[in-house]
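Observations on the three-dimensional arrangement
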Amino acid sequence: MMKIVFLFIVLLLLPAKNESAASTYNKTVSSNYTNFIKTKCNATTYPYPCLKTLIPYASSVKANATRMCTAALNVAIQGARNATLTVKGIRKQKGISTAESAIIRDCIDDLKDAVYELRQTVGAMGHLGDADRDFQWDNAKTYASAVITDVDSCMDGFSGQKVDAAVKKTIRNVVYYVTQLASNALSLINHLY
Ligand SMILES: *[C@@H]1O[C@H](CO)[C@@H](O)[C@H](O)[C@H]1NC(C)=O
Ligand SMILES: *[C@@H]1O[C@H](CO)[C@@H](O)[C@H](O)[C@H]1NC(C)=O
Ligand SMILES: *[C@@H]1O[C@H](CO)[C@@H](O)[C@H](O)[C@H]1NC(C)=O
Ligand SMILES: *[C@@H]1O[C@H](CO)[C@@H](O)[C@H](O)[C@H]1NC(C)=O
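On a predicted model such as this, the values are computed, not experimentally measured, just so you know.

1. Some points on the packing of aromatic side chains
Evaluation of the coordinates by the stated rule reveals two aromatic pairs. Geometrically, the ring pair formed by Y46 and Y176 is edge-to-face, given 6.0 Å between the ring centres and 85° between the ring planes. Within this pair, whereas Y46 is found in the loop between α2 (21-42) and α3 (47-54), its partner Y176 is found in helix α8 (residues 165-190), the two being separated by 130 residues in sequence. Aromatic pair W137 and Y193: ring centres 5.0 Å apart, planes at 90°, arrangement edge-to-face.

Here it is, written out as structure tokens:
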């Protein structure tokens, strides 16, 4: 048993021994990129969803804070679209009452507004290199805050007793994830300069 374990360890170590300087350098660069994401995510409101969604972008972000904000916004757009699909699916389920259906429809509208505002935020982020940087930055922050307001307004629709507890729980969970992604994007934007 010990021998097998030993052999296994040797096999694991073998390629490392032959590693070229270039490959070691590339590894350092790539771990620096990952560390950049980790450090930035650690300062956001919801570090875990930040890490989970943005570590895969480390090599394209390349330790550039602006690119990280844009990646976070694109992830939030994906999250809001996913939530929209889930919520739409729930609305079509059997046994959804008229009152529930109306509340869910309002929530879907809020999520659509959120996607629109997230896109506007990405647009403003694309103009940060322009002469009116501070204006664009303010725009980005305003749009990103509006996203959070919209998502909250969807959640508020489910605060009363009109919606079935299980339906409410599922919707609040998927929508809360959007809140987390959008809050993180906003916090990254706030810390940009
Ligand atoms: C990795 O980060 C360290 C500390 O920030 C820095 O000194 C080093 O030059 C970086 N290495 C590469 C290959 O980017
Ligand atoms: C994350 O933040 C905490 C406190 O804010 C700090 O103690 C910790 O060292 C940070 N970790 C990283 C990886 O930056
Ligand atoms: C970061 O990325 C943005 C967008 O790609 C680019 O305009 C900017 O020059 C980059 N900043 C640095 C410091 O490389
Ligand atoms: C959105 O859904 C797709 C497909 O299920 C998934 O791959 C992706 O990770 C989801 N993104 C977010 C941010 O939830």
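2. What to know about the site of ligand 1
The environment of ligand 1 is formed by Y25, T28, V29 and N32. In the model, an oxygen atom of ligand 1 is placed 2.3 Å from a nitrogen or oxygen of the N32 side chain. For the shell around ligand 1, the class distribution of residues is two nonpolar, two polar and no charged.

3. Let's talk about the site of ligand 4
Taken together, V75, Q78, G79, N82 and Y177 make up all the residues around ligand 4. Interatomic distance of 2.3 Å between a side-chain N/O atom of N82 and an oxygen atom of ligand 4. Here ligand 4, which alone exposes 370 Å², has 43% of that area covered by the protein. Across the shell around ligand 4, the residue classes tally to two nonpolar, three polar and no charged.

4. Observations concerning the side chain of Q180
Mapped onto the elements, Q180 comes out in helix α8. Residue contacts for Q180: discarding those within four places in its chain leaves Y46 and P49.

5. Brief notes about the nonpolar core
Counting 52 residues, the largest nonpolar core has L54, M68, I104 and I171 as the members making the most contacts within it. Looking at this core, the elements that each hand over two or more residues are α2, α3, α4 (58-61), α5 (65-91), α6 (98-125), α7 (133-156) and α8. Excluding residues that lie within four positions of it along the chain, M68 makes contacts with F36, I37, K40, C41, C50, L54, V61 and L188.

6. A closer look at the state of the cysteines
Throughout the structure, instances matching the rule amount to two disulfides. The disulfide partner of C41 is C50, and the S-S distance across this bridge is 2.0 Å. Its S-S torsion of about -75° marks the bond between C41 and C50 as left-handed, since a negative value means left-handed. This pair shows no difference in class: C41 is buried, exactly as C50 is.

7. Let's talk about the pattern of salt bridges
Inspection of every chain in the model, using the stated rule, returns two salt bridges. A salt bridge links D134 to R133, with the shortest nitrogen-to-oxygen separation between them at 3.8 Å. On the basis of relative accessibility, which here comes to 48%, the residue D134 falls in the partly exposed class. On the accessibility criterion, R133 (32% relative accessible area) is partly exposed. Here D138 and K141 are joined by a salt bridge, their closest N and O atoms 3.9 Å apart. Here D138 pairs with K141, and both are found in helix α7, just three residues apart, close to one helical turn. Take D138: its relative accessible area is 43%, and that puts it in the partly exposed class.

What counts, and at which threshold
- Residues numbered from 1 in each chain as written.
- Chains lettered and ligands numbered in written order.
- Predicted model: local features only at pLDDT ≥ 70, side-chain atom pairs only at ≥ 80, totals over all residues.
- Heavy atoms only, no water.
- Phe/Tyr/Trp six-rings, centres within 6.5 Å; stacked < 30°, edge-to-face > 60°.
- Helix = DSSP H or I, 4+ residues; strand = E, 2+ residues; numbered from the N terminus.
- Near = heavy atom within 4 Å.
- Polar contact = N/O pair within 3.5 Å; in protein donor to acceptor, adjacent residues only side chain to side chain.
- Nonpolar A, V, L, I, M, F, W, Y, C, P; charged D, E, K, R; others polar.
- Areas by Shrake-Rupley, 256 points an atom, 1.4 Å probe, with all protein chains shown as cover.
- Contact = heavy atoms within 4.5 Å.
- Core = buried A, V, L, I, M, F, W, Y, C linked by side-chain atoms within 4.5 Å.
- Buried < 20%, exposed > 50% of the residue type's maximum accessible area, 1.4 Å probe, protein only.
- Disulfide = S-S within 2.5 Å.
- Salt bridge = Lys/Arg side-chain N within 4 Å of Asp/Glu carboxyl O.

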